[in-house]
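Residues per chain, in single letters:
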Amino acid sequence: MNTERELLKGKPKDESFRDRMATIDERGKRNWIYAQKPKGKFYNIRTYVSWGFFIIFFGLPFIYINGRPLFLFNIPEAKFIIFGKVFWPQDFFIFGLTMITFIVFIILFTAAFGRLFCGWICPQTIFMEMLFRKVEYLIEGDTAKQKILNKGGWTGIKVRKKITKHTVFFLLAFIIANFFLAYVIGVDELKKIISEPVTEHIGGLLSILVFSGIFYGVYAWFREQVCTVVCPYGRLQSVLLDRNSMIVAYDYKRGEPRSKFKKVRTAEFNAGDCIDCFQCVKVCPTGIDIRNGTQMECVGCTACIDACDKMMDATKKPRGLIRYASENGIESGQKLRFTGRMKFYSALLVILAGLLSFLLATRKNVDGTIVRAAGMLYQERGNDSISNLYVIKVINKTIKDVPLTLKLENAPGRIIEAEGRSIHVKKEDQGKGSFFIVLPRNFINKRKMNLKIGLYEGNQQITVLETNFMGPFNKF
Ligand code: SF4
Ligand code: SF4
């Protein structure tokens, strides 16, 4: 089907480029992308943003609040710390809701701003374009030199450059892997792996090596294919974007019909502003031609904006032939709009954020469950009392040990700790214990009664847990 652009220009447009990826040739082989080094305003700003990213990425694992890391994503132990707050498996509801809220935020953000995240903040883009690619430029030179080097024979210079590049790449991957692991196990554990005998941390060491290998493989070889083939966010673009989303777009109304630059333009020379110089294609890290329209492979890196602006300066045309705009904006000059779809997502986001805030505000620092011991009914204690045996599990999310005492809140009677001692739960840990509840026989008026048990630290009530009490069957 022809697009508005084709109809506008009165000729059908060849859309066959959409049948295959720029990084794969007709025979299915890898088409290596030699992206020319971008230069310009956006590239400079992105460089500053990447410095900020590096400071945060390499600095965050060292930030501790009250003895806890600010962020920890300990997947093996199912323990997550976000902004210094610990989330346990028991908090999975909050965690799940956080994930849903985050996904709605991503959908809203993408509907409004397209792949702004990919181009500016995504770690994959920043590490690739602002670290590894720059190292490559430094060692092997810009695109033309890289092509010559790769096509040429294995001379001494080529061997030296390749060894240097891949050694630096692996070292960088090794450093990133260490910090990546610091987010999972914490800096203290990482220091132990590094400083203590290898035999004591075989698993940790293997993890570092495996992650180093993965990062090295990604940045030395796989590269842009992470964004175009693997990344689920990238694959969702086709459903998240609409004609009002802000994307990096080519102004075909202004640029077409494209034609090679002519200094002297006659009245019959009716060409658009695009001089068909291919600079926008040459700098593209995913190898696409933005002039073909919105494409899934575009990561919104803005390199083509800088390249085209430079050409516009050279030909004395206004900048912005390629710019941030929506498809509707290009077509009809419409400004970016807050559409009905965006309003719906925003309302949903506000509701979810409100619910999440409520759950976080009412979240208990010490929580637990009390259940009757499996396989036991009740015990007769003399003529006037009945007891039930219980198992209590308590989770302490605070950073101090908590000695707990239990108190019956809605019944006369007493609690007898089975082990003869109070329950002591270590900081950021879980505790377990068992105890009897003894009730006067004349208080029991149902076969199954609801009981409330207060958990106290000293005289301070921490929380109240509910359970039930089983009485004799024949009484009712
Ligand atoms: S088309 Fe432009 S913005 Fe998109 S990936 Fe290529 S250079 Fe970056
Ligand atoms: S850089 Fe600008 S002028 Fe050159 S081909 Fe791309 S869109 Fe046309």
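Since the structure is predicted, the reported quantities are computational estimates derived from the model, not experimental observations.

> I would appreciate a short explanation of the overall build of the protein chain in the present structure.
The helix and strand tally for the protein chain stands at 17 helices and 16 strands. The C-alpha radius of gyration computed for the protein chain amounts to 32 Å, which surpasses the reference 23 Å derived for 476 residues by more than 25%, pointing to a less compact arrangement than a globule. Taken along its principal axes, the extent of the C-alpha atoms in the protein chain is 115 × 60 × 40 Å. Put simply, the protein chain has 476 residues, and 45% of those count as buried. Partitioning the contacts of the protein chain with sequence separation of at least 6, the portion at a separation of at least 24 is 68%.

> What am I meant to see in the site of ligand 2 here?
In the region of ligand 2, 13 residues are neighbours, and C274, C277, F278, C280 and C308 sit closest. Tallied by class, residues from the shell around ligand 2 come to 10 nonpolar, 1 polar and 2 charged.

> Explain the sheet that holds strand β11 (residues 402-408) here, please?
Strands belonging to one sheet form pairs held by backbone hydrogen bonds; the direction of such a pair is parallel or antiparallel. The antiparallel open sheet is built from 4 strands, whose spatial order is β13-β11-β15-β16. Looking at which strands have only one partner, the edges of the open sheet turn out to be β13 (423-425) and β16 (460-470). Each strand axis lies, on average, 35° off the axis of its neighbour in the sheet, ignoring direction. Where β11 and β13 come together, 3 bridges link them in antiparallel fashion. When the bridges of β13 are listed, P403 appears paired with H424.

> Help me out: how do you make sense of the pattern of salt bridges in this one?
Pairs can form between side chains of opposite charge whenever their charged atoms are close. Applying the stated criterion to the full structure yields 20 salt bridges. Where D273 meets R254, a salt bridge forms, and the shortest distance between an N and an O atom there is 2.7 Å. Here R254 lies in helix α13 (residues 252-255) and D273 lies in the loop between α13 and α14 (279-282), a separation of 19 residues in the sequence. A salt bridge links E457 to K400; its shortest N-O distance comes to 3.3 Å. You can see E457 sitting in strand β15 (residues 448-457) and its partner K400 sitting in the loop between β10 (385-396) and β11, a full 57 residues away along the chain. Judged by relative accessible area, E457 falls into the partly exposed class, the value being 23%. Residue classification places K400 among the partly exposed positions, given a relative accessible area of 44%. Each member of the salt-bridge network shares a partner with another, and the members are E136, E140, K162, K165 and R223.

> Explain a nonpolar patch on the surface here, please?
On the surface, F170, F174, I175 and L209 cluster together to form a nonpolar patch covering roughly 330 Å² of accessible area. In terms of residues, the nonpolar patch owes the most to one element, helix α7 (residues 156-185), which gives 3 residues. For F174, the position within the fold is in helix α7.

> What's the story with the pairing of strand β14 (residues 429-440) in this structure? I'm lost.
Along any regular strand the residues' side chains alternate between the sheet's two faces. Sheet analysis places β10 next to β14, joined by 12 bridges and oriented antiparallel. The residue of β14 that forms the bridge with I395 is Q430.

> Help me understand the nonpolar core in this model?
Generally speaking, nonpolar side chains in soluble globular proteins are found buried as a group. Core analysis: the biggest nonpolar cluster contains 27 residues, and F54, F57, F127, L131, F132, I176 and Y219 have the highest contact counts within it. For this core, the secondary-structure elements that each account for two or more residues are α2 (41-59), α5 (123-140), α7 and α9 (202-222). Among the elements that line this core, the one with the most residues is α5, at 8 residues. Setting aside its immediate chain neighbours within four residues, F54 contacts G59, I126, F127, M130 and L131.

> Honestly, the site of ligand 1 in this entry has me stumped. Any pointers?
In the vicinity of ligand 1 lie 13 residues, with C284, C298, V299, C301 and C304 positioned nearest. For the shell around ligand 1, the residue count by class is 10 nonpolar, 3 polar and no charged.

> Quick question: what am I supposed to make of unusual backbone geometry here?
Peptide bonds are mostly trans, and most non-glycine residues show a negative phi. Following E256, the chain continues to P257 via a peptide bond in cis, the omega torsion being -10°. Examined against the element boundaries, P257 turns out to sit in the loop between α13 and α14. Even without being glycine, D276 reaches a positive phi, approximately 55°. When you line up the elements, D276 lands in the loop between α13 and α14. A positive phi angle, close to 65°, is found at F278, a residue other than glycine. Inspection of the secondary structure puts F278 in the loop between α13 and α14. By relative accessible area, F278 is classed as partly exposed at 35%.

Thresholds applied
- Along every chain, residues carry numbers that run from 1 in the direction the sequence is written.
- Whichever chain is written first is A, and whichever ligand is written first is 1; the rest continue in order.
- With pLDDT at 70 or above as the cut-off, local features in this predicted model cover only qualifying residues; side-chain atom pairs require 80 or more to be listed or tallied, and sums for whole chains, interfaces and linings still use all residues.
- In computing side-chain values, all of the structure's heavy atoms are included and hydrogens and water are not.
- Put simply, DSSP marks the helices as runs of H or I at least four residues long and the strands as runs of E at least two long, and each gets a number from the N terminus on.
- Radius of gyration: C-alpha atoms only; globule rule: 2.2 Å multiplied by the number of residues to the exponent 0.38.
- Exposure categories follow from relative accessible area, calculated using a 1.4 Å probe and restricted to protein chains: below 20% of the type maximum is buried, above 50% is exposed, and the middle band is partly exposed.
- Between two residues, a contact is recorded if the distance between any of their heavy atoms is within 4.5 Å.
- We call a residue near a molecule or strand when any one of its heavy atoms sits within 4 Å of it.
- Side-chain classes are defined by residue name, with Ala, Val, Leu, Ile, Met, Phe, Trp, Tyr, Cys and Pro counting as nonpolar, Asp, Glu, Lys and Arg as charged, and the others, Gly among them, as polar.
- A pair of strands counts as paired when DSSP detects no fewer than two bridges linking them.
- The convention used is that axes are lines fitted to C-alpha atoms, helices contributing only their stretch in contact, and that angles between N-to-C directions extend from 0 to 180 degrees.
- When a carboxyl oxygen of Asp or Glu is within 4 Å of a side-chain nitrogen of Lys or Arg, the pair counts as a salt bridge.
- For patch detection, residues must exceed 30% relative accessible area and be free of salt bridges, and they are connected within 9 Å for like charges or within 5 Å for nonpolar side chains (Val, Leu, Ile, Met, Phe, Trp, Tyr).
- Only the protein chains shown count as covering a residue, and every accessible area follows the Shrake-Rupley method with a 1.4 Å probe.
- In this description, a nonpolar core means a group of buried Ala, Val, Leu, Ile, Met, Phe, Trp, Tyr and Cys residues linked to one another through side-chain atoms lying within 4.5 Å.

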